[in-house]
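# Working through the structure, step by step
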Amino acid sequence: MNDIAGLPARNAALKMLDAVLRRGDTLDTAAGAAKGLGPSDAALARAIASEVLRWQVDLDRLIDSATRQRLPDDAKARTVLRMMLAQALKLETAPHAVIATGLPLLAGGPRRLAHGVFSTLDRKGARLPNAPTLPDDVAARWGAQYGERLPEIAAGLASPPPLDISLRDAGETHAWAERLDARVMAPGQLRLSRGQAVDALPGFDEGAWWVQDLAASIPASLLGKGAGRALDLCAAPGGKTLQLAAAGWDVTALDIAKRRLKRLHQNLERTGLSAQVVEADALKWEPEQGFDAILLDAPCSATGTCRRHPDVLHRVSQAQIEDLSKLQAALIGRASGWLNPGGVLVYAVCSMEREEGEAQMDRVSLTPAPITRDELPDGLVPTAEGWLRTDPGMLADAGGLDGFFVARFRKD
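What counts, and at which threshold
Residues numbered from 1 in each chain as written. Predicted model: local features only at pLDDT ≥ 70, side-chain atom pairs only at ≥ 80, totals over all residues. Heavy atoms only, no water. Phe/Tyr/Trp six-rings, centres within 6.5 Å; stacked < 30°, edge-to-face > 60°. Helix = DSSP H or I, 4+ residues; strand = E, 2+ residues; numbered from the N terminus. Buried < 20%, exposed > 50% of the residue type's maximum accessible area, 1.4 Å probe, protein only. Contact = heavy atoms within 4.5 Å. Pairing = 2+ DSSP bridges. Axes fitted to C-alpha atoms, helices over the stretch in contact; angles between N-to-C directions. Parallel < 35°, antiparallel > 145°, perpendicular 65-115°, else oblique. Left-handed = near helix turned anticlockwise from the far one by under 90°. Nonpolar A, V, L, I, M, F, W, Y, C, P; charged D, E, K, R; others polar. Polar contact = N/O pair within 3.5 Å; in protein donor to acceptor, adjacent residues only side chain to side chain. Disulfide = S-S within 2.5 Å.

### Side note on the packing of aromatic side chains
Pairs of aromatic rings are described using the distance from one ring centre to the other and the angle between the two planes. Applying the stated rule across the entire model yields four aromatic pairs. Considering the side-chain rings of Trp387 and Phe405, the 5.6 Å spacing of their centres and the 65 degrees angle between planes classify their relative orientation as edge-to-face. Of this pair, Trp387 sits in the loop between strand S10 (367-368) and strand S11 (388-390) while Phe405 sits in strand S12 (residues 404-410); the two residues are 18 residues apart in sequence, bridging distant segments of the chain. We note that Trp387, like Phe405, is buried. Three or more aromatic residues joined by ring pairs make a cluster, and in this case those are Trp285, Phe291 and Trp338.

### Section: the environment of Thr305
If you trace the backbone, Thr305 turns up in the loop between strand S8 (291-297) and helix H14 (312-315). You can call Thr305 buried: its relative accessible area is 11%. What Thr305 contacts, discounting residues up to four positions off in sequence, is Cys350 and Asp402.

### Here we look at the sheet that holds strand S4 (residues 209-211)
Strand order in the open sheet formed by four strands is S2-S3-S1-S4, with antiparallel pairing between adjacent strands. Here the strands that pair on one side only, and so sit at the sheet edges, are strand S2 (183-186) and S4. On average, each strand axis in the sheet is inclined to that of its neighbour by 35 degrees, with strand direction left out of account. Those strands touched by helix H11 (residues 214-221) are strand S1 (163-167), S2 and strand S3 (189-192), and its axis lies near 175 degrees from that of S3.

### A short note on the pairing of S1
A large share of S1 lies buried, amounting to five of its five residues. Side chains of S1 alternate between two faces, with Leu163, Ile165 and Leu167 and Asp164 and Ser166 buried alike. Bridge count between S1 and S3: four bridges; the pairing is antiparallel. Of the residues in S3, the one forming a bridge with Ile165 is Leu190. As defined by bridge partners, S1 adjoins S4 across three bridges and the pair is classed as antiparallel. Within S4, the position partnered with Ser166 by the bridge is Trp210.

### What about the packing of helix H5 (residues 76-89) against helix H7 (residues 111-124)?
Put simply, H5 and H7 touch, their axes get as near as 10 Å, and they point 30 degrees apart. With respect to each other, H5 and H7 are oriented roughly parallel. Crossing of H5 against H7: the hand is right-handed. On H7, the residues touching Leu81, Met84, Leu85 and Ala88 of H5 are Ala114, Val117, Phe118 and Leu121. When its residues are assigned to classes, the contact of H5 with H7 shows eight nonpolar, no polar and no charged.

### Observations regarding the pairing of strand S9 (residues 339-349)
Within S9, eight of the 11 residues are buried, which leaves it mostly tucked inside the rest of the structure. Bridge analysis of S8 against S9 gives six bridges, and the strand direction is parallel. Bridge assignment links Asp297 to a residue of S9, and that residue is Ala348. Of the strand pairs in this sheet, S9 and S12 are connected by six bridges, and their pairing is antiparallel. The residue of S12 that forms the bridge with Ala348 is Val406.

### As for the side chain of Ser351
Within the secondary structure layout, Ser351 lies in the loop between S9 and S10. For Ser351, a relative accessible area of 0% gives the class buried. In terms of polar contacts, Ser351 uses its side chain to reach the side chain of Ser301, at 3.3 Å. Of note is the side chain of Ser351, whose polar atom sits 2.6 Å from the side chain of Glu356. Residues in contact with Ser351, not counting those within four places in the same chain, are Cys300, Ser301, Thr303, Gly304, Glu356, Arg389, Gly403, Phe404 and Phe405.

### Describing unusual backbone geometry
Along the chain, Ala236 connects to Pro237 via a cis peptide bond; the corresponding omega equals 5 degrees. Residue placement: Pro237 occurs in the loop between strand S5 (229-233) and helix H12 (239-246). Residue Glu92 is not a glycine yet carries a positive backbone phi of 60 degrees. Positionally, Glu92 belongs in the loop between H5 and helix H6 (95-102). Looking at Glu92, the relative accessible area reads 73%, which means it is exposed.

### Remarks on the state of the cysteines
Under the criterion given, the structure shown has zero disulfides. With no disulfide of its own, Cys306 lies 10 Å from the sulfur of Cys350, the closest cysteine sulfur. Its relative accessible area of 1% is what places Cys306 among the buried residues. In this model Cys350 remains outside any disulfide bridge; the closest cysteine sulfur is found in Cys300, 3.6 Å from its own. A residue is classified by how much of its surface remains accessible, and Cys350, at 16% relative accessible area, is buried.

Quick look at the structure:
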């Protein structure tokens with residue numbers, strides 16, 4: 001079967017979707033199904049799986065409109081049809097190629113049904129809406145939290161995000177913007193068009209920059225220039241560690257994940273920046289001395305990264321959010337105790353859920369140090385409380401933004 005051109009990529013995409021939707025794996029973990037494929041096939045498999053997850057509700061509506069035979073949500077035929085439609089409607093794959101690489105995935109299954117459904121929709125000129133429809137549970141949660149902003153948030157998920165990078169030397173922002181044909185989003189922060197081979201771009205080998213979403217770069221920037229010892233808690237894969245080191249802090253980077261710490265070490269080596277890297281459980285580890293600044297980018301549901309990781313729309317449950325909020329509260333308590341007098345704590349989560357962001361603020365025993373507008377990229381403003389809440393609907397004309405919650409405190 002895999003002798004058909006392009007079929008291995010589709011087979012890998014099918015396995016990825018099964019891992020995400022049936023087992024609850026992250027898409028990054030599920031991407032192991034593409035191991036052994038060439039770079040272009042692996043990228044295609046990831047793109048197919050991502051677009052299915054991004055548009056799944058709308059793809060299912062199209063499928064159901066074209067057949068009287070209701071396919072179970074977990075039926076292989078439904079997943080294959082989702083893939084076929086995603087390729088035709090979002091990846092602009094020719095219908096004959098979609099059929100040639102889709103139907104073989106249903107060996108021994110309802111090929112005739114799948115062929116009929118796809119052909120019917122193709123003949124009718126089926127289209128997807130301008131913005132993806134959110135799954136019911138996500139729409140309920142976010143609708144209650146964000147109200148009238150929900151349509152703008154959904155619109156922000158319609159396309160994969162552009163490529164954001166952080167510069168090692170913010171003083172060279174405009175020089176690198178010209179060299180990379182990039183848009184300046186903030187001092188030291190550039191935005192490039194997506195689809196580029198990152199390791200082939202100028203400046204990568206010399207460590208002049210690293211990949212980091214604009215929203216993800218904000219928490220470390222709120223600690224300012226280096227003025228002593230800083231702790232990057234839950235540090236891997238290291239973007240914020242690199243920011244702190246580049247700003248002149250004496251950085252300790254702590255994380256429990258050995259595999260992700262390997263990437264942090266690689267990034268430090270490539271950029272020539274330095275940090276003390278510690279592999280430990282933050283709930284058990286004790287520092288030998290206090291810190292002048294702590295960045296707690298806490299483990300969270302990561303629902304704010306749904307532009308690039310649409311799997312979070314389908315696998316994150318309310319129970320997981322509640323469990324993570326308990327972990328975040330525990331980490332806030334420990335981090336607060338490690339601050340030196342006058343020290344600053346920045347708390348951040350790449351989550352859209354209030355339980356992981358705004359609701360945690362009542363658990364912080366430190367004095368608020370409100371975020372000001374002039375500390376933020378153009379187009380972003382702090383809340384009345386002095387916090388920052390971003391979502392995928394913001395900066396739409398510039399390519400959007402990940403969802404983050406950020407707050408800052410000082411120890412008296």
